[in-house]
Amino acid sequence: MGSEDATAGLERRHLRTRFEEAQLQQAATADILKAINQSGFDLSSVLETVLRHGTQLCRAVRGSLFVLEDGLLKLAAAVGAFPGFEDYLKQTPLRLGPG
């Protein structure tokens, strides 16, 4: 009986974790849709919202989002960047090329 109780407890904990993750995803989606609706076509604010929630959902400390323009990767948003690094990336686009 004890192993059945332990298995049931593990299953409940797993289901609770999945439910909590689903709630976080739904809240993030709602916030992103709200940002899109309120942005007035300000892509920067939408990308910042997407990155902030993506970073939280992945339980990451830092995140960066780049856009490709004219063969260059340009920083569009950053979360948790080291001091000065975000400014550096904004001023120094990354050129795509071999290795």
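Procedures and definitions
Residues numbered from 1 in each chain as written. Predicted model: local features only at pLDDT ≥ 70, side-chain atom pairs only at ≥ 80, totals over all residues. Heavy atoms only, no water. Pairing = 2+ DSSP bridges. Helix = DSSP H or I, 4+ residues; strand = E, 2+ residues; numbered from the N terminus. Expected span 1.5 Å × (residues − 1). Buried < 20%, exposed > 50% of the residue type's maximum accessible area, 1.4 Å probe, protein only. Contact = heavy atoms within 4.5 Å. Axes fitted to C-alpha atoms, helices over the stretch in contact; angles between N-to-C directions. Parallel < 35°, antiparallel > 145°, perpendicular 65-115°, else oblique. Nonpolar A, V, L, I, M, F, W, Y, C, P; charged D, E, K, R; others polar. Patch = residues over 30% accessible without salt bridge, like charges linked within 9 Å, V, L, I, M, F, W, Y side chains within 5 Å. Areas by Shrake-Rupley, 256 points an atom, 1.4 Å probe, with all protein chains shown as cover. Salt bridge = Lys/Arg side-chain N within 4 Å of Asp/Glu carboxyl O.

J.: Could you give an account of the pairing of strand E1 (residues 63-69), with specific residues and numbers?
T.: It is a general feature of regular strands that their side chains alternate between the two faces of the sheet. Inspection of the sheet shows E1 paired to strand E2 (residues 72-79) by 7 bridges, in the antiparallel sense. Considered in E2, the bridge of Val67 is made with Lys74. Hairpin connection, E1 to E2: the antiparallel pair is bridged by 2 residues, and Asp70 has positive phi, about 55 degrees.

J.: Kindly report on helix H2 (residues 43-57), identifying the contributing residues and their values.
T.: End to end, H2 covers 21 Å across 15 residues, agreeing with the expected 21 Å (1.5 Å per residue, within 8%). Taken residue by residue, H2 has Val46, Leu47, Thr49, Leu51, His53 and Thr55 as its buried positions. Where H2 is buried, its residues meet helix H1 (2-38), E1 and E2. One or two residues past the end of H2 sits Arg59, with phi positive at roughly 55 degrees.

J.: So what's going on with unusual backbone geometry? Which residues, and what values?
T.: The phi dihedral of Arg59 is positive, around 55 degrees, even though this residue is not glycine. Inspection of the secondary structure puts Arg59 in the loop between H2 and E1.

J.: Break down the packing of H1 against H2 for me, with residues and values.
T.: When two helices pack together, their arrangement is given by the angle between the helix axes and the distance between those axes. Put simply, H1 and H2 touch, their axes get as near as 9 Å, and they point 170 degrees apart. Between H1 and H2, the angle is such that the two are roughly antiparallel. Residue-level inspection shows Leu24, Gln25, Ala28, Asp31, Ile32, Ala35 and Ile36 of H1 in contact with H2, the latter providing Val46, Thr49, Val50, Arg52, His53 and Leu57. Looking at the contact of H1 with H2 residue by residue, the classes come out as 8 nonpolar, 3 polar and 2 charged.

J.: Tell me about a nonpolar patch on the surface, and please be specific about residues and values.
T.: Taken together, the side chains of Phe82, Phe85 and Tyr88 define a hydrophobic patch exposed on the protein surface, amounting to about 340 Å² of accessible area. Position of Phe82 among the secondary structure elements: in the loop between E2 and helix H3 (85-91).

J.: Describe the pattern of salt bridges, with residues and values.
T.: Evaluated as defined, the whole model comprises 4 salt bridges. Residues Lys74 and Glu69 are paired through a salt bridge, measuring 3.3 Å at the closest nitrogen-oxygen approach. Residue classification places Lys74 among the partly exposed residues on the basis of a relative accessible area of 26%. Looking at Glu69, the relative accessible area reads 39%, which means it is partly exposed.

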